[in-house]
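Per-entry structural report
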Amino acid sequence: MAEELEQVVLFEEFLERKFHVGIGLHPDHMYAFIEFLKINASCFAWSHEDMTGILMEISVQNLSLDPNIPPVRQKKRPIAEVGNKFIKEEVTRLLKIGSIREVTPEAFARNI
């Protein structure tokens, strides 16, 4: 059985920055843990915007494709409306912050 968790806000000015801690943790240890996280908060990436300075060589994935094999378009699979809405919002957010970019099929074919 999983331990019950308590949600803790690290800084009052950033209510969205929360973490979970087990309710069985001794209060002294919990206080020390929270203080440790506050002191080292700059080490954590709370969002994509916080991940600046990462080299492109580390964050970009390149596909090794055989130029002798033509690409195959996969069958479109239906996605539930809730999932589709989430996907659209997430893609829009990632495009906005520059984590991803659109690649046209023509540009993709030129790179093969």
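Residues numbered from 1 in each chain as written. Predicted model: local features only at pLDDT ≥ 70, side-chain atom pairs only at ≥ 80, totals over all residues. Heavy atoms only, no water.

Attention now goes to the overall build of the protein. Looking only at helices and strands, the protein has 4 helices and 2 strands in total. Listing every helix and strand of the protein by position from the N terminus yields β-β-α-α-α-α. Relative to its full complement of 112 residues, the protein shows a buried share of 11%. Expressed as a percentage of contacts within the protein between residues at least 6 apart in sequence, the contacts between residues at least 24 apart total 33%. (Helix = DSSP H or I, 4+ residues; strand = E, 2+ residues; numbered from the N terminus. Buried < 20%, exposed > 50% of the residue type's maximum accessible area, 1.4 Å probe, protein only. Contact = heavy atoms within 4.5 Å.)

Next up on the list: the packing of aromatic side chains. Across all of its chains, the model carries 1 aromatic pair by this definition. A ring pair is formed by F19 and F33, whose centres lie 5.8 Å apart and whose planes are at 80°; its orientation type is edge-to-face. Note that F19 is positioned in strand β2 (residues 14-22) and F33 in helix α1 (residues 27-39), a separation of 14 residues in sequence. Exposure remark for F19: the relative accessible area of 12% places this residue in the buried category. (Phe/Tyr/Trp six-rings, centres within 6.5 Å; stacked < 30°, edge-to-face > 60°.)

Sheet topology places strand β1 (residues 5-11) next to β2; 6 bridges connect them, and they run antiparallel. By the bridge assignment for β2, E6 is matched with V21. In this antiparallel pair of consecutive strands, β1 and β2, the connection spans 2 residues. (Pairing = 2+ DSSP bridges.)

A word on a nonpolar patch on the surface. Together, I79, F86, I87, V91, L95 and I100 make up a nonpolar patch on the protein surface, roughly 510 Å² of accessible area in all. Among the structural elements, I79 can be located in the loop between α2 (56-59) and α3 (81-97). (Patch = residues over 30% accessible without salt bridge, like charges linked within 9 Å, V, L, I, M, F, W, Y side chains within 5 Å. Areas by Shrake-Rupley, 256 points an atom, 1.4 Å probe, with all protein chains shown as cover. Salt bridge = Lys/Arg side-chain N within 4 Å of Asp/Glu carboxyl O.)

Before going further, it helps to examine the nonpolar core. What tends to happen in soluble globular proteins is that the nonpolar side chains get buried as a cluster. Of all hydrophobic cores here, the largest spans 8 residues; its members are V8, L10, F19, V21, M30, I34, L37 and A41. If you list the elements that add at least two residues to this core, you get β1, β2 and α1. Per-element tally for this core: the top contributor is α1, with 3 residues. Those residues in contact with F19, other than ones at most four positions away along the chain, are E6, Q7, V8, L10, F33, I34 and L37. (Core = buried A, V, L, I, M, F, W, Y, C linked by side-chain atoms within 4.5 Å.)

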